[in-house]
Amino acid sequence: MFEGLFRFLFKYRPLVFEQGDFVLGASRPMVAAILVAGLIAAYALVTYRRVGRTAPRDRFVLITLRLAALALVLFCLFRPALILKAAVPQQNFLGVLVDDSRSMQIADRQSQPRSDFVRGNLVNADSPLLKALSERFVLRFFRFSASTDRVPSADGMKYAGTSTHLGQALARARDELSGLPLAGLVMVSDGDDTSDTSLDESLASIKARSIPVFTVGVGAERFARDIQVTRVETPRIALKGTALVVNIVVTQAGYAGATVPLEVEDNGRIVSSEEITLPPDGESATMRVRFTASDAGPRVFTFRIPPQANEQVTQNNTREALIEVSDRREQILYYEGQPRPEATFVKRAVEDDKNLQVVLLRRTAPNKYYRENLSTPDELVAGFPATREELFAYRGVILDGVDADSFTPEQLRMLADFVNKRGGGLMMLGGRHSFAEGGWTGTPLAEVLPVAFDATKSRTPYFSTITVRPTRAGATYPMMQIADTEEASAQRWEKMPALTAVNPIREVKPGATILLSGLDNQKKDQVVLAVQRYGRGKALAFAIQDSWLWRMHASMSVNDTTYQTFWRRLARWLVEGVPDHVVTTTTEDRVDPGEAVPLTAQVVDASYIEVNNARVLAHVTAPSGKTADVPMDWSVTRDGEYRASFTPDEEGLYSVRVGATRDQKDLGADVIHVRSSAGDSEYFDAAMRAPLLKRIAEETGGRFFTPDNAAGLPEAISYSGRGVTVVEEHDLWDMPVLLLLLIALTGTEWAYRRTRGLA
Amino acid sequence: MKRVLLALAAGVVFLAGTTALAQRQGGMRFGGGSNAPIKPNIPYDGRFTFIRLRYGPPIAYQTQRVPWSHDYPEGEENMMKILNEISDLAPHIEQSNILALEDPEIFKYPVTYMCEPGRYFYVTDEAARNMRAYLHKGGFLIIDDFRYNDWNNFEAQMLRILPDARMVDLDASHPIFHSFFEINSLEEIPNYYDRGSPIFRGIYEDNDPKKRLMVVIGYNTDISEFWEFSGTGLKPVDESNEAFKVGVNFFIYGLTH
């Protein structure tokens, strides 16, 4: 509409004005004649001014109108024109890149698939656009998704690509058409680039070669009705039986405030279903779902919101995550410095947990220990471990009422390294022999612990009852969930009996998180439970001396399992994600068949010192049982880091066992799994990304089009000035708008005179 | 360790004995016993506190006429002194608490002691409920000092607390006799009343010997009598020594199991 009106008034499309250079085409004699005529006209005006009968205002209006009309005529007499470089027909090549990915099937163009634009305008030989392009240029078609291929025409697209790499497509077309007179590239896409790499490099290269890219964005920039499971945050590894609380980010449009089910499936079996209320349109909301990883092995968990009525894209209602559910028994060393009830109650709380082994070392008298839950009869026979190998065999350490003086300086360093280098979980419980009161100030462990207690040691013994409540962070922390739902958990916390503390802990370290706190007898805030990551591991301070009261207290029912739940989660958190001697990671837990899987392995010895001279081998087992050994090489850039990659050629679950040896001695092994299957990333954030397509066009000197104005594409390419061109001059003096303006000026003067009685 | 204990016990015997004798020689003794005034309870502070359970009404002074108060306060004080000296327990020594079976405060003390629950032992419904919850939640009860036919009433009252309980004999192989000191034969333990070995019985959680021992019952002996008289010279040091060993093991076991 606007463009049609513009063209009627100004004779040409706006594009011509944008691309053309303005010139005046009048010859010198003509200019001289025009100037003389102008001077005569000016003189006439001066004489006109002497007419005294006219009011000054009328005179001013009439002079202005007359001068404007005169200027308009003079402008036309100067022969204004636009100079453009136009591509010579059939002398230039044009690369047409068509997005062949799945997202082009999304029906958001008046309920028609995005790909219909291609079929209607670039496949159909009778389409005006294809005709216009073919008349002006020699067309070269490309299809692109994860890869880019030359194709004879835009026909035959399957729109089945599982990812879109725009930068790679541009680079491929650039290379393919290099050396040819190129008018530009046309990219028809929804702009849903799913590649990990930045477009900058490709764009810089295209720009350097002065290749304009004309992008045609197909699809709606915003869906009218859609629900999307945008992100799911799951741990990579979980211990069997762990109650997981997973954050799920949900985005929607058109269903604000609706209540929908959110289901979690474990390899096809529903393990959780919760009703959630959707956020306002266009906003994201984080939902928390709970489920238990009850079966061991590589488990594919599916997070799904069932498709709703009239939803435009239903494929983005589901996300999958692969979690390695481990069934091993994690060892925690619980060192009790004096006989206290806590260790006994903790032992009972976790004894039925088949995946936890709390090894108790209880000092009943100086150099006299009571040991329980041992793996071997000799375990800890001499007391607390004296070597790193012995200590680092555990994945968690709990210190309960042990003075710092009970350890040698080397043991103190070992404890700090247990967290920092070994990556273990360490917890210190409150008591008369803990924190500042236990002489821990200034020790290596004081640095590791999440609480600050340097200045808190008081001369008078501190004792206070504490009503413990979760902090804002703690209320949503998985470890702090002591009932089935967040609301039930909050209510349960309200009813938990008060505990007591003998360590005044008021502050935590920067970066630490307080999960539980409470007011003490002095009405001061007491830090009850705080956590922080330190080095490769994590540390926890539980500054309470009698959490066992949550089991024994008179107000607690005999059948109440809150204490058990709390301590099991605490103990599991302590050993969660604690690394082994070999830790293998990959960037994605799913790849497309044919896509390389990058593997990175971190290798340490028994003392958790990085090993650079190990022999590391990845033993890859395909779904069919076919195996392959892939040697991994030291990365050189980081100690103990080895890298390799393999490319799956089958669909299904690949198992990768990475083993490390040094001098024929086994250092350890790790097993991870990777899924090889068609991805669904095309359906996420699948609205047409106009900003990205505009950026590509603007940075390369091209233009961005939509299906609505794509008819102007041939002309825009023609006048882009690239390739083999000729200079065209477009006169402007005969633009209808000038005539209309002249008529308007003279008409207005006439009407004014009539109104004022001057004519 | 045995030598150390002997030396410590002898020291405690000497120190405590002088005080005990002085008390015994002064004043009138109503119904026997120390007639010591019952000290007020100390509030819970997290430290280990000797808890003597009371059945029946409170009293102002210890008396032999009230069986649950037997051996108070020397029995517990001497026992706590020994525990303090030889272990890292760091208990309250001079202060101990007396709590009724019905008292909800007992839940703050996972190890409790009850003396002479013989013919006068009576458990109210409220006490039965309280003690049942205490034991099921994880409490440990040490029972001492009764014999002969008193067992019948004791058993009847215990069954009010734990209706399904089976009270089984414990032999020297049980971990409770090895939790701190190695007591390899029950013959080593003095029998206060009669000749022969004392009898120790226990009640397990769910009556399953593989599970937790909830109650240890010292039948036909009076271990705490040795604790009490260890300071008087009326009992041989060797016997007091063995009685302390049993006490230490019971308390350490109660705290660690």
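Let us now look at the overall build of chain B. Within chain B one finds six helices and seven strands. Secondary structure elements of chain B, listed N to C terminal, follow the sequence α-β-α-β-β-α-β-α-β-β-β-α-α. In chain B, which comprises 257 residues, the share counted as buried stands at 49%. Of the contacts made within chain B by residues no fewer than 6 positions apart, 75% connect residues no fewer than 24 positions apart.

Broken down by element type, chain A carries 19 helices and 38 strands. For chain A, whose C-alpha radius of gyration is 38 Å, the value lies well above the compact-globule estimate of 27 Å for 759 residues. Each of the three principal axes of chain A carries a C-alpha extent, and together these read 120 × 70 × 50 Å. A total of 759 residues make up chain A; the buried ones form 40% of that total. Long-range contacts, defined as pairs at least 24 residues apart, comprise 75% of the intrachain contacts of chain A with a sequence gap of at least 6.

Glancing now at the interface of chain B and chain A. Counting residues at the interface gives 21 residues for chain B and 24 residues for chain A. Mapped by element, the contributors of at least two residues to the side of chain B that touches chain A are helix 3 (125-137) and helix 6 (237-256) of chain B. Looking at side-chain class alone, the side of chain B that touches chain A contains ten nonpolar, seven polar and four charged residues.

Counting 170 residues, the largest nonpolar core has A:Y334, A:A543 and A:V603 as the members making the most contacts within it. With nine residues, helix 6 of chain B is the largest single contributor of residues to this core. Summarising the domain contributions, this core has at least three residues from each of domain 4 (330-575) and domain 5 (582-676) of chain A. Apart from residues lying up to four places away in sequence, A:A543 is in contact with A:G430, A:F435, A:V451, A:A501, A:N503, A:I505, A:V527 and A:V528.

This part takes up the pairing of strand 6 (residues 199-204) of chain B. Pairing between strand 5 (residues 168-169) of chain B and strand 6 of chain B: two bridges, direction antiparallel. Paired with B:V168 across the two strands is B:G202, which belongs to strand 6 of chain B.

With an omega of -5°, the peptide bond between B:Y72 and B:P73 qualifies as cis. By secondary structure assignment, the location of B:P73 is in the loop between strand 1 (51-54) and helix 2 (74-86). Phi is positive for A:D663, which is not a glycine, with a value near 50°.

All names here are of chain A. Note: strand 9 (residues 237-239) against strand 15 (residues 318-326), three bridges, orientation parallel. Bridge pairing in strand 15 places A238 opposite V325. By the bridge criterion, eight bridges tie strand 14 (residues 297-304) to strand 15 in an arrangement that is antiparallel. From the neighbouring strand, R304 faces strand 15, where its bridge partner is T318.

Residues and elements named next belong to chain B. Among the secondary structure elements, F250 is positioned in helix 6. Judged by local crowding, F250 falls into the buried class, with 25 C-beta atoms found within 10 Å. For the pair F250 and H174, spaced 76 residues apart in the sequence, the C-alpha separation amounts to 11 Å. Not counting residues up to four positions away in its chain, the partners in contact with F250 are I142, I176 and V216.

Domains assigned within chain A are domain 1 (2-86 + 729-756), domain 2 (89-177 + 187-221 + 687-723), domain 3 (226-326), domain 4 (330-575) and domain 5 (582-676). A C-alpha centroid distance of 89 Å is found between domain 1 of chain A and domain 4 of chain A.

Quick look at the packing of helix 7 (residues 166-176) of chain A against helix 8 (residues 200-208) of chain A now. All names here are of chain A. Relative orientation of the contacting elements helix 7 and helix 8 amounts to 30°, with a least axis distance of 8 Å. By the angle between their directions, the pair helix 7 and helix 8 is classed as roughly parallel. Read as a crossing pair, helix 7 and helix 8 show a hand that is left-handed. Along its contact with helix 7, which presents G167, L170, A171 and R174, the element helix 8 presents E201, S202, S205 and I206. Across the contact of helix 7 with helix 8, the residue classes break down as three nonpolar, three polar and two charged.

So, on to the packing of helix 2 of chain B against helix 6 of chain B. Residues and elements named next belong to chain B. The geometry of helix 2 relative to helix 6 is characterised by a closest axis approach of 10 Å and an angle of 70° between their N-to-C directions. Relative to helix 6, the element helix 2 lies roughly perpendicular. From helix 2, M79, I82, L83 and I86 reach across to helix 6, where they touch F244, G247, V248 and F251. For the contact of helix 2 with helix 6, the per-class residue count stands at seven nonpolar, one polar and no charged.

Moving on: the sheet that holds strand 31 (residues 597-603) of chain A. The strand order across the open sheet formed by eight strands is 29-31-34-33-32-35-36-30 (chain A), and the pairing between neighbours is mixed. Every other strand in the sheet has two partners, leaving strand 29 (582-586) and strand 30 (590-591) of chain A as the edge strands with one partner each.

Next up on the list: the sheet that holds strand 27 (residues 525-534) of chain A. Think of a sheet as strands paired side by side through backbone hydrogen bonds, with each pair either parallel or antiparallel. Residue and element names in this part refer to chain A. Strand order in this open sheet of nine strands is 18-17-16-19-20-28-27-26-23, and the pairing throughout is mixed. Every other strand in the sheet has two partners, leaving strand 18 (368-372) and strand 23 (469-470) as the edge strands with one partner each. Where strand 20 (residues 425-429) meets strand 28 (residues 537-542), five bridges bridge the pair, whose relative direction is parallel. Paired with L429 across the two strands is F542, which belongs to strand 28.

This brings us to the environment of A:R231. All names here are of chain A. Along the polypeptide, R231 turns up in strand 8 (residues 226-233). Owing to 15 C-beta atoms within 10 Å, R231 belongs among the partly exposed residues under this scheme. With 167 residues separating them in the primary sequence, R231 and I398 have C-alpha atoms 35 Å apart.

Residues and elements named next belong to chain B. Under the 1.5 Å per step criterion, the end-to-end length of helix 4 (residues 150-161) is 17 Å for twelve residues, consistent within 8% with the ideal 16 Å. Along helix 4, the positions that sit buried rather than exposed are W151, F154, M158 and I161. Viewed end-on, helix 4 has its buried residues packed into an arc of 70°, placing them on one side of the element. Helix 4 presents N152 and A156 as exposed residues on the side facing more than 90 degrees away from its buried surface. Buried residues in helix 4 make contact with helix 3 and strand 7 (213-219).

Quick notes on the rules
Residues numbered from 1 in each chain as written. Chains lettered and ligands numbered in written order. Predicted model: local features only at pLDDT ≥ 70, side-chain atom pairs only at ≥ 80, totals over all residues. Helix = DSSP H or I, 4+ residues; strand = E, 2+ residues; numbered from the N terminus. Buried ≥ 20, exposed ≤ 12 C-beta atoms within 10 Å, placed from the backbone. Contact = placed C-beta atoms within 7 Å. Rg over C-alpha atoms; globule rule 2.2 N^0.38 Å. Nonpolar A, V, L, I, M, F, W, Y, C, P; charged D, E, K, R; others polar. Core = buried A, V, L, I, M, F, W, Y, C linked by C-beta atoms within 7 Å. Domains from an automatic or database assignment. Pairing = 2+ DSSP bridges. Axes fitted to C-alpha atoms, helices over the stretch in contact; angles between N-to-C directions. Parallel < 35°, antiparallel > 145°, perpendicular 65-115°, else oblique. Left-handed = near helix turned anticlockwise from the far one by under 90°. Expected span 1.5 Å × (residues − 1). Arc of directions from axis to C-beta.

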